[in-house]
Amino acid sequence: MFHSEKLPSAIERYEKEIVRVVGVLDSVLAKQPFLLGDKLTVADIAFVPWNNFALAGLVPAEIDLKAKYPAFAAWHGKLLELDYVKSGIAEKEALSKH
């Protein structure tokens, strides 16, 4: 994605790291609705860009995130539905076109 040379070992390493982090998030979110408990905080919102970047083709194709990490998938989906998150994503997209 950022390097002209595709290094299989590097790609595999980062794919595994993304899956590991998603697994950690899922284990927390399986017990509570948000990262720090029952209330949405900046900690949740701060993950939106990372999640979007990681989910945009960096997760290995053979992994069904919704099936394997349902709490993570539901949490990320809830975050994407928030009006201010939608607005922030739209603003980022508009800025990237310039």
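No experiment lies behind these values; they were computed from the predicted model shown.

## What to know about the packing of aromatic side chains
Phase 1: A full pass over the atoms with the stated rule returns 3 aromatic pairs.
Phase 2: Seen from their ring centres, F47 and W75 are 6.0 Å apart, and the 65 degrees between their planes marks the pair as edge-to-face. Taken as a pair, F47 in helix α2 (residues 42-55) and W75 in helix α4 (residues 70-81) lie far apart in primary sequence, 28 residues in all.
Phase 3: For W75, a relative accessible area of 1% translates into the label buried.
Phase 4: An aromatic cluster of three or more residues is present, and its members are F47, W50, F72 and W75.

## Brief notes about the pattern of salt bridges
Note that side chains of opposite charge can pair when their charged atoms are close.
Phase 1: With the rule as written, the count across this model stands at 3 salt bridges.
Phase 2: Between E12 and K16 there is a salt bridge, with its nearest N and O atoms 2.9 Å apart. Of this pair, E12 and K16 both sit in helix α1 (residues 8-29), 4 residues apart, roughly one helical turn.
Phase 3: One salt bridge in this structure joins E17 and R20, with 2.7 Å as the shortest N-O distance. Residue E17 and its partner R20 are located together in helix α1, separated by 3 residues, close to a single helical turn.

## What about the packing of α2 against α4?
Phase 1: With their axes 10 Å apart at the nearest point, α2 and α4 run at an angle of 110 degrees to one another. The pairing of α2 with α4 is recorded here as roughly perpendicular in orientation. Between α2 and α4, the contacting residues are D44, I45, F47, V48, N51, N52 and L55 on the first element and F72, W75, H76, L79 and L80 on the second.
Phase 2: Of the residues belonging to the contact of α2 with α4, the class tally is 8 nonpolar, 3 polar and 1 charged.

## Some thoughts on the nonpolar core
Phase 1: Of all hydrophobic cores here, the largest spans 19 residues; its most connected members are L25, L65, Y69, F72 and W75.
Phase 2: If you list the elements that add at least two residues to this core, you get α1, α2 and α4.
Phase 3: Leaving out residues up to four positions away in the same chain, L65 has contacts with V22, L55, V59, P70, F72 and A73.

Parameters at a glance
- Residues numbered from 1 in each chain as written.
- Predicted model: local features only at pLDDT ≥ 70, side-chain atom pairs only at ≥ 80, totals over all residues.
- Heavy atoms only, no water.
- Phe/Tyr/Trp six-rings, centres within 6.5 Å; stacked < 30°, edge-to-face > 60°.
- Helix = DSSP H or I, 4+ residues; strand = E, 2+ residues; numbered from the N terminus.
- Buried < 20%, exposed > 50% of the residue type's maximum accessible area, 1.4 Å probe, protein only.
- Salt bridge = Lys/Arg side-chain N within 4 Å of Asp/Glu carboxyl O.
- Axes fitted to C-alpha atoms, helices over the stretch in contact; angles between N-to-C directions.
- Parallel < 35°, antiparallel > 145°, perpendicular 65-115°, else oblique.
- Contact = heavy atoms within 4.5 Å.
- Nonpolar A, V, L, I, M, F, W, Y, C, P; charged D, E, K, R; others polar.
- Core = buried A, V, L, I, M, F, W, Y, C linked by side-chain atoms within 4.5 Å.

Nothing here speaks to function; it is geometry throughout.
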